[in-house]
Amino acid sequence: MRIGVDLDGVVADFTTGWTTQYYKDFGKQINESDITEWGLASPLTHFKKEIDFWNWAKDINGNSIFRHLPVYEDSVEALMEQIHFGNEIIILSSKPWWSINDTLLWLGENKIPTKEIHFTEDKWKIDCDVYIDDAPHQLKSFTKKTNEKLIIRFVRSYNRPIEGVLDLHHWKDLTSLLESQKL
Ligand SMILES: [Mg+2]
């Protein structure tokens, strides 16, 4: 079984990473519960447009924000467990081009068990049996383009339930969720 896994908001704790750096640089504390919509510009941050956020995030002391993100609890262990079951982990990320070098370093340093990595916005084009993502637009895209596949929303404060999409709250529940679907 091929399991397509997004990085930011699923394995990589982008929220903790950028809010910690934002507090250091601008002195404003933003909590995960404050992030109730998809988007990083005003009113969440002082940045007027998304591009302003990314211009800040792409160069923080010479590296991008993606270089030092923490991993979510139990995520690497849950992915390793799937490898032991004989499944494959396919990384599907739509990160911007300037983050790729940092992301590849990050994948290695955090020992993410994968042999296949795709950087693309059209994730549904990469053939997988299961897709795990947190982005509302990606989840909708999966349901439209590949609705015979198992689509899993990693539940975060900024996404909502979608018809035909299963919910995963904690990485340690992945195995039982997949088993309940007889995959
Ligand atoms: Mg994501």
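Note that the structure is a prediction, hence the values are computed from the model and not measured. (Residues numbered from 1 in each chain as written. Predicted model: local features only at pLDDT ≥ 70, side-chain atom pairs only at ≥ 80, totals over all residues.)

1. Looking at the environment of Gly164
Here Gly164 is to be found in the loop between strand 5 (150-154) and strand 6 (166-168). Using a count of 12 C-beta atoms within 10 Å as the deciding quantity, one classes Gly164 as exposed. Each C-alpha atom, one on Gly164 and one on Ile151, is 7.5 Å from the other, the two residues being 13 residues apart in sequence. The residues touching Gly164, leaving out its near neighbours within four places in the chain, are Thr143, Asn147 and Ile151. (Helix = DSSP H or I, 4+ residues; strand = E, 2+ residues; numbered from the N terminus. Buried ≥ 20, exposed ≤ 12 C-beta atoms within 10 Å, placed from the backbone. Contact = placed C-beta atoms within 7 Å.)

2. Things to note about the pairing of strand 5
Of all 5 residues in strand 5, 5 are buried, a share of seventy percent or more. As judged from the 4 bridges shared by strand 4 (residues 130-133) and strand 5, these two strands associate in the parallel manner. Along strand 5, the bridge assignment pairs Tyr131 with Ile151. At this point the chain moves from strand 4, through helix 5 (residues 136-145), to the parallel strand 5, and the crossover so formed is right-handed. One ladder, built from 3 bridges, connects strand 5 with strand 6; its direction is parallel. Bridging from a neighbouring strand, Arg153 pairs with Asp167 of strand 6. (Pairing = 2+ DSSP bridges. Right-handed = clockwise from strand over helix to strand, strands pointing away.)

3. Some remarks on the sheet that holds strand 4
Taken in spatial order, the 6 strands make up an open sheet running 3-2-1-4-5-6, and their pairing is parallel. Each edge of the open sheet is held by one strand with a lone partner, namely strand 3 (116-119) and strand 6. In this sheet, neighbouring strand axes are inclined to one another by 25° on average, regardless of whether the strands run parallel or antiparallel. Bridge count for strand 1 (residues 2-5) against strand 2 (residues 88-93) is 4 bridges, and the pairing is parallel. Bridge pairing links Ile3 to Ile89 in strand 2. (Axes fitted to C-alpha atoms, helices over the stretch in contact; angles between N-to-C directions.)

4. Comments concerning the domain arrangement of the protein chain
If you check the domain split of the protein chain, you get domain 1 (2-13 + 69-180) and domain 2 (15-68). Put simply, the middle of domain 1 and the middle of domain 2, counted by C-alpha atoms, are 22 Å apart. Facing the 15 residues of domain 1 at the interface are 16 residues of domain 2. Considering every element that reaches the side of domain 1 that touches domain 2, the biggest residue donor is helix 4 (residues 100-109), with 4 residues. Residue composition of the side of domain 1 that touches domain 2, by class: 9 nonpolar, 3 polar and 3 charged. (Domains from an automatic or database assignment. Nonpolar A, V, L, I, M, F, W, Y, C, P; charged D, E, K, R; others polar.)

5. Things to note about unusual backbone geometry
Note the cis peptide between Ser42 and Pro43, where omega equals 10°. Note that Pro43 resides in the loop between helix 1 (14-26) and helix 2 (50-57). In the Ramachandran plot, Asn61 falls in the positive-phi region, its phi being about 55° despite a non-glycine side chain. Structurally, Asn61 can be placed in the loop between helix 2 and helix 3 (75-84). The phi angle at Asp74 is positive, at roughly 70°, despite the residue not being glycine. If you trace the backbone, Asp74 turns up in the loop between helix 2 and helix 3.

6. Some words on the nonpolar core
The biggest cluster of nonpolar side chains holds 39 residues, and the ones touching the most others in it are Val5, Val130, Ile132 and Ile152. A domain-level breakdown of this core finds at least three residues from each of domain 1 (2-13 + 69-180) and domain 2 (15-68). What Val5 contacts, discounting residues up to four positions off in sequence, is Val10, Val11, Leu79, Ile89, Ile90, Ile91, Leu92 and Ile132. (Core = buried A, V, L, I, M, F, W, Y, C linked by C-beta atoms within 7 Å.)

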